[in-house]
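# Remarks on the overall topology
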Amino acid sequence: MTVPNQPTRRQVLIGGAATGALAALGLPEWILPVLAQGEALVPFTDVPATFSTNPSPMVRVLDIRRIDAPITPGDQFFTLQHYGQPDVDATTYRLNIDGLVAKPVKFSLDEIRKIGTTELVAGFECSGNSPGRLHGLVSNGRWTGLPLRALLARAGVNADADEVVFFGADRGEEDVDFRGRMIKVTQQFGRSLSVADATRPEPFIAHALNGQPLSKNQGFPIRLVVPGWYGVANVKWLSEIHVQRGRYLGKFQARWYRTLRGETINGEVKWTEAEISRLQLKSVIGRVTKAAGHHRVEGFVLNDGTPIRSVEVKVDDGPWRPATIDPAAARYAWKLFTFRWEGATPGEHTLVSRVTDTAGRVQPTVTDLESKLTALENNAQWPRKVQIV
Ligand SMILES: Nc1nc2c(c(=O)[nH]1)N[C@H]1C(S)=C(S)[C@@H](COP(=O)(O)O)O[C@H]1N2
Ligand SMILES: [Mo]
C-alpha cells in the first residue's frame, strides 16, 4: 500500500534516483515495483478456467501475477504435502540424529533456535509445477536456522556411512508393489541425501520463514531446506535424521518422484529413470504491466545455483531480446527479471522467456522435452498470451 505524500518505490525509480540514493533511503538496489499510479496489469488470455490458488483444502498455489517483491510473504508461500499436516508439540519435540554416528543426539526446539541464527534466502518449486497451475507451486523465502552439517558434526557421521535419511513426523499407509503383489505398510514421509550432498555447506535446518516461526503448513517446528533442489527434498516436520549405509528406497525417494526420459547414448535411445533432485533451469513470465508509453514483462528464474548468463524475451516471431535480472538475488534465491516492451500494438501477442546459465545450458522448448515421458520437471519455455487494447 502506498502511504500518501510518500513516493512509491516505483516512483523513486522513475524519478531517476541513482542506486546510491536508493540505498540511502534504505531500499534495496533492485526493486521489483509494486504497481505505480497509472500502471495496470495486462490480463493474460491463456489462464486456464480451472486455475485456483486453493485447488484443494491443504494445497496453496502462489498467484505469480501478484509477485511484487523478491521475498514471498509467508501467508502466500505455496504449500503442499502428501499425508496432511501433522500437529507437532513444540514442548516435547526432539530432532533425533541416529544410526551410523559416533554419538546419537537429540535437539529440542529451543536448542535449535539458540544455535540456529544464520539466514539463507532460497526459493524452490514443486517438481510437479506446471502451466495448469500457472507455475505457481513456487516461492522464495528468507529462512533462519543453521547448516545441516553443523548438526551432523555434533553427532559425528561414521566413515562407513554414505546416506542420510530425513523423516518427517507425517505418516501414511502405502502399498509397496512386490512383483505385482501389494503389501500395505504405514510409513513416514522420507527423503535422503548422500553423505557427500548432506555435508555440503548449503543444506539448511530452518525454524523460521521471513522472521516468523514456521507455520504448521510450512513444517512447524523444523524443516530441511536443500538449496538448489526441488521442493520434495525440503522435508517438513523434520523429526529424525538417520545415517546409514546403502540407499534409502522409500516411496517419495525412489518411486513417486522420478523422471523417465529417452537419452541418446552411442546413437541408441536408452530409457533412463532418474530421481528428482536438483532444479532444472527454468524461467517463467509472471505478469505484464502497462506503464506510461511502454509495457513491462516480469518473471522469475529458478535453477540449481549455477550463475545465470542471460534471460531473454521474445514477442511473437521477433528476435530474442535481453531482460534485466535482479543483480542482488542470492545464489539460491529465485531471480526476478524484467523486460521493457516497447511499441506493443493492439491485439493478441505471444510472449515467451528463456534462460541460459554460465555452464551453457539453455532452457528447453516443449519440443526439446518430448522424450521426457513423465510430467515432473517441466522446465519448458512457456509461451504466454496477452491482449493489448
Ligand atoms: N514431511 C513432508 N515434507 C514434505 C512433503 C511431505 O509430504 N511431507 N512434501 C514435499 C513436497 S513434494 C514439496 S513440493 C514441498 C512443499 O513445501 P511447502 O509446502 O513449504 O511449499 O514440501 C516437501 N516436504
Ligand atoms: Mo513437490
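Scope of this entry: the structure provided in the associated data block. (Residues numbered from 1 in each chain as written. Chains lettered and ligands numbered in written order. Predicted model: local features only at pLDDT ≥ 70, side-chain atom pairs only at ≥ 80, totals over all residues. Heavy atoms only, no water.)

### Regarding the pairing of strand β8 (residues 204-209)
Counted only if it meets this: Accessible area is worked out with a 1.4 Å probe on protein chains only. A residue is then buried under 20% of its type maximum, exposed over 50%, and partly exposed in between. Helix and strand definitions follow DSSP, with helices as H or I runs of at least four residues and strands as E runs of at least two, each counted in order from the N terminus. Pairing between two strands is assigned when DSSP locates at least 2 bridges connecting them.
Counting buried positions along β8 gives six out of six residues, so the element sits mostly inside the fold. Pairing geometry for strand β5 (residues 138-147) and β8, over five bridges, is antiparallel. Pairing of T144 across the sheet is with A208, part of β8. Here three bridges tie β8 to strand β10 (residues 223-225), and the two strands are oriented antiparallel to one another.

### Thoughts on unusual backbone geometry
Omega for the peptide link from F220 to P221 comes to 5°, which places this bond in the cis form. For L134, which is not glycine, the phi torsion reads 50° and is therefore positive. Position of L134 relative to the elements: it lies in the loop between β4 (118-125) and β5. Judged by relative accessible area, which is 1%, L134 ranks as buried.

### Examining the pattern of salt bridges
Stated precisely, the cut-off is as follows: A carboxyl oxygen of Asp or Glu within 4 Å of a side-chain nitrogen of Lys or Arg is what we treat as a salt bridge.
In total, this model carries 20 salt bridges according to the counting rule given. A salt bridge links E268 to K270, with the nearest nitrogen and oxygen atoms 3.2 Å apart. By relative accessible area, which is 34% here, K270 ends up partly exposed. Linking R287 and E298 is a salt bridge whose minimum nitrogen-to-oxygen distance equals 2.6 Å. Residue R287 is located in strand β14 (residues 282-291), and its partner E298 is located in strand β15 (residues 294-302); the two are separated by eleven residues in the primary sequence.

### Some words on the sheet that holds strand β16 (residues 308-315)
Strand order in the open sheet formed by four strands is β17-β16-β20-β21, and the pairing between neighbours is antiparallel. Every interior strand has two partners, whereas the edge strands, β17 (321-322) and β21 (384-388), have only one. Taken together, the seven bridges between β16 and strand β20 (residues 347-357) define a ladder with antiparallel strand orientation. Each bridged residue has a counterpart across the sheet, and for V313 the counterpart in β20 is S353.

### Things to note about the packing of aromatic side chains
As a reminder of what qualifies: Here is the rule: rings of Phe, Tyr and Trp (six-membered ring for Trp) pair when centre to centre is within 6.5 Å. Planes less than 30 degrees apart are stacked, more than 60 are edge-to-face, and the remainder are tilted.
Considering all chains together, one arrives at eleven aromatic pairs under this definition. When the ring of F124 is compared with that of W143, the centres are 6.2 Å apart and the planes differ by 20°; the resulting orientation is stacked. One end of the pair, F124, is in strand β4; the other, W143, is in strand β5, with 19 residues separating them in the sequence. Accessibility classification places F124 together with W143 in one group, the buried group. Ring geometry for F252 and W256: centres 6.2 Å apart, planes at 70°, overall edge-to-face.

### Observations regarding the pairing of β5
Along β5, eight of the ten residues are buried, which leaves the element largely enclosed by surrounding structure. Pairing of β4 with β5 involves eight bridges; the strand directions are antiparallel. Bridge assignment links G123 to a residue of β5, and that residue is N140.

### A short note on the site of ligand 1
Cut-off, in case you're wondering: Distances are taken per atom, and a residue is near a molecule or strand as soon as one of its heavy atoms is within 4 Å of it. Nitrogen and oxygen atoms within 3.5 Å of one another constitute a polar contact, given that in protein one can donate a hydrogen and the other can accept it, and given that sequence-neighbouring residues count only through two side-chain atoms. What sets the accessible areas is the Shrake-Rupley method with a 1.4 Å probe; for residues, cover comes only from the shown protein chains. Each residue is assigned to one of three groups, with Ala, Val, Leu, Ile, Met, Phe, Trp, Tyr, Cys and Pro labelled nonpolar, Asp, Glu, Lys and Arg labelled charged, and all others, Gly among them, labelled polar.
Around ligand 1 lies a shell of 19 residues, among which F78, T79, D170, R223 and K236 are the nearest. Note that a nitrogen atom of ligand 1 is positioned 3.0 Å from one of the backbone N or O atoms of N234. Here an oxygen atom of ligand 1 and a side-chain polar atom of K236 are 2.6 Å apart. Compared with its free state, where it exposes 530 Å², ligand 1 has 100% of that area covered by protein. Here the shell around ligand 1 is composed, by residue class, of nine nonpolar, seven polar and three charged.

### Notes on the environment of P201
Worth spelling out the cut-off: Residues count as neighbours in contact if any of their non-hydrogen atoms are within 4.5 Å of one another.
Topologically, P201 is positioned in the loop between α5 (195-198) and β8. When the C-alpha atoms of P201 and D87 are compared, they prove to be 30 Å apart, with 114 residues separating the residues in sequence. If sequence neighbours within four positions are ignored, P201 has contacts with P147 and R149.

### Details of a nonpolar patch on the surface
Rules: Patch definition: residues with relative accessible area over 30% and no salt bridge; like charges joined within 9 Å; nonpolar side chains (Val, Leu, Ile, Met, Phe, Trp, Tyr) joined within 5 Å.
Together, F178, I183 and V185 give the surface a local cluster of nonpolar side chains, amounting to about 210 Å² of exposed area. Within the element layout of this structure, V185 appears in strand β7 (residues 181-194). The class for V185 is partly exposed, based on a relative accessible area of 31%.

### Considerations on the nonpolar core
Here is the rule we go by: Nine residue types can take part in a nonpolar core, namely buried Ala, Val, Leu, Ile, Met, Phe, Trp, Tyr and Cys, and a core is a set of them joined through side-chain atoms within 4.5 Å. The source of the domain bounds is an automatic or database domain assignment.
Residues I97, W143, F166, I205, L238, I241 and F300 are the most contacted members of the largest nonpolar core, which totals 68 residues. Both domains that meet at this core, namely domain 1 (33-53 + 278-388) and domain 2 (95-260), each give it at least three residues. The residues touching F166, leaving out its near neighbours within four places in the chain, are L148, F189, G190, R191, S192, L193, L224, V235, L238, E240 and I241. Listed in part, the 19 residues of the second largest apolar core include L281, V297, V311 and V313.

### Notes on the side chain of T338
One can find T338 in strand β19 (residues 335-341). Residue class for T338 comes out buried when judged on its relative accessible area of 12%. A distance of 3.1 Å separates a polar atom in the side chain of T338 from a polar atom in the side chain of R296.

### Regarding helix α4 (residues 148-155)
Filter applied, for reference: Our arc is simply the arc of the directions from the helix axis toward the C-beta atoms.
Of all the residues in α4, the buried ones are L148, L151, L152 and A155. Buried residues along α4 cover an arc of 100° about the axis, so they all sit on one side. Where α4 ends, the next residue or the one after it, G156, has phi of about 80°, a positive value.

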